[in-house]
Amino acid sequence: MTDANGVRVWLGEQVRSRVVGPEADLRHAELFDTGEPGWFDDDAPIRRVHADAAMFVGGLRALLFQSLHPRAMAGVAQHSDYRSDPWGRLQRTADFLAATTFGPSSQAQRAVDIVHRVHERVVGTTRDGQAYAANDPHLLRWVHIAELDSFLVAHDRFGEQPLVGSERDEYIANSAVVARALGVIEPPTTERALRRQLGDFRPELRGSREARDAARYLLVRPPLPFAGRAPYGLIAAASVSLMPVWTRWPLRLPWMPVSEATLGRAVGDAVTKTLRWAIVPAEVNIAD
């Protein structure tokens, strides 16, 4: 095995252990080694987007963007274990995306049912007395469209094969299948509808204390050993560079338009290409 391939194997294992968990091989078999059809065809745009390394950037961008809704963020702050078990939360999110995008229909439905059961317990009030419930279709819609926009923006900027033409609406329509299963009412099925719904939510969004605390935790004090902070910092920088300008002050994010347009893109390209190289399919020959 060459030194380069040794690095590839090591890095790939590190990524899989963090994102998939300790039983990555078993979970892979449950999702992929089956003849049962899934919710999407092999060539569906959602499979191309969700398989790309740009999802690492899009996922972090989604967390930052979603935090701008005070009621959604209150549910995370009061009920989530993202501080005490950040890798567990990441693994559960990654597993949900894998099951609904690539897995057989039974696994996709099981993943949705688990989310529904967890959401039943996520109820409460915000710091200023607003009631929230994680299964509220309105909040589910916000979480969905913020995530959808983030994945699409990241794939546009850093994806290996960006969506073009009708593929963009197809991706949004694919995502609507999962959103409806989760309880979102009338999710967008076109890019135009996505932009309209994002605009409709704008008056409800602001930077709460919980949102700023979460941003600081995710960007400044990530739960990583020293050696892992440099590559994570590149993902974080790329994610921030994709945030809309109007979100910067509410979350106290830096805005450097010139450097983000050049350095931010270069950093994002570098980290996604490295991750893409590291997580090549297992069947690729890595021996001399």
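Note that this is a predicted model, so its numbers are computed, not measured. (Residues numbered from 1 in each chain as written. Predicted model: local features only at pLDDT ≥ 70, side-chain atom pairs only at ≥ 80, totals over all residues. Heavy atoms only, no water.)

1. Describing the overall build of the chain
Part 1 of the reasoning: Summing up its helical and strand segments, the chain has 14 helices and two strands in all.
Part 2 of the reasoning: Expressed as a percentage of the 288 residues in the chain, the buried residues total 45%.
Part 3 of the reasoning: A separation of at least 24 residues holds for 76% of the contacts in the chain among residues at least 6 apart in sequence.
Part 4 of the reasoning: Accessible surface for the chain amounts to roughly 14,700 Å². Of this, 57% is attributable to carbon and sulfur atoms. (Helix = DSSP H or I, 4+ residues; strand = E, 2+ residues; numbered from the N terminus. Buried < 20%, exposed > 50% of the residue type's maximum accessible area, 1.4 Å probe, protein only. Contact = heavy atoms within 4.5 Å. Areas by Shrake-Rupley, 256 points an atom, 1.4 Å probe, with all protein chains shown as cover.)

2. Side note on a negative patch on the surface
Part 1 of the reasoning: A surface patch of negative charge is lined by D41, D43, D169 and E170.
Part 2 of the reasoning: Within the secondary structure, D41 is located in the loop between helix 2 (24-32) and helix 3 (45-50).
Part 3 of the reasoning: Residue D41 is classed as exposed on the basis of its relative accessible area of 58%. (Patch = residues over 30% accessible without salt bridge, like charges linked within 9 Å, V, L, I, M, F, W, Y side chains within 5 Å. Salt bridge = Lys/Arg side-chain N within 4 Å of Asp/Glu carboxyl O. Lys, Arg positive; Asp, Glu negative; His and termini not counted. Charge placed at Lys NZ, Arg CZ, Asp CG, Glu CD.)

3. A word on unusual backbone geometry
Part 1 of the reasoning: In this structure, E186 takes a positive phi of about 50 degrees despite not being glycine.
Part 2 of the reasoning: Following the sequence through the fold, E186 ends up in the loop between helix 9 (166-182) and helix 10 (191-201).
Part 3 of the reasoning: Here R252, not a glycine, exhibits a phi torsion of approximately 60 degrees, which is positive.

4. Looking at the pattern of salt bridges
Part 1 of the reasoning: The tally for this structure, following the rule as stated, stands at eleven salt bridges.
Part 2 of the reasoning: Among the ionic pairs, E210 bridges to R127, the shortest N-O distance being 3.1 Å. Of the two residues, E210 is situated in helix 11 (residues 209-219) and R127 in the loop between strand 1 (123-125) and strand 2 (131-133); the sequence distance between them amounts to 83 residues.
Part 3 of the reasoning: Judged by relative accessible area, which is 57%, R127 ranks as exposed.
Part 4 of the reasoning: Between R168 and E191 there is a salt bridge whose closest N-O contact spans 2.9 Å. With R168 in helix 9 and E191 in helix 10, the pair connects residues that are 23 residues apart, well separated along the chain.

5. As for the confidence of the model for the chain
Part 1 of the reasoning: For the chain, mean pLDDT is 81; residues scoring 70 or higher make up 72% of the total.
Part 2 of the reasoning: With pLDDT under 50 throughout, residues 6-12 is counted as low confidence; its partners more than four residues away or in other chains account for 13 contacts.
Part 3 of the reasoning: In this model residues 281-288 is a low-confidence stretch, pLDDT under 50, and it forms six contacts with partners more than four residues away in sequence or in other chains. (pLDDT = per-residue confidence, 0-100.)

6. Here's the deal with the packing of aromatic side chains
Part 1 of the reasoning: A full pass over the atoms with the stated rule returns three aromatic pairs.
Part 2 of the reasoning: With 5.2 Å between their ring centres and 75 degrees between their planes, F65 and W142 make a pair best called edge-to-face. One end of the pair, F65, is in helix 4 (residues 54-66); the other, W142, is in helix 8 (residues 137-158), with 77 residues separating them in the sequence.
Part 3 of the reasoning: Looking at F65, the relative accessible area reads 3%, which means it is buried.
Part 4 of the reasoning: Of the residues examined, W142 reaches a relative accessible area of 0% and is grouped as buried.
Part 5 of the reasoning: Between W142 and F201, the aromatic rings sit 5.4 Å apart at their centres with planes inclined by 45 degrees, giving tilted as the arrangement. (Phe/Tyr/Trp six-rings, centres within 6.5 Å; stacked < 30°, edge-to-face > 60°.)

7. Some remarks on helix 9
Part 1 of the reasoning: Between the first and last C-alpha of helix 9 there are 25 Å, a value that for 17 residues agrees with the 24 Å anticipated at 1.5 Å per step.
Part 2 of the reasoning: Considered for burial, the residues of helix 9 that qualify are R168, Y171, I172, N174, S175, A176, V178, A179 and L182.
Part 3 of the reasoning: Following helix 9 by one or two positions, G183 adopts a phi angle in the positive range, close to 115 degrees. (Expected span 1.5 Å × (residues − 1).)

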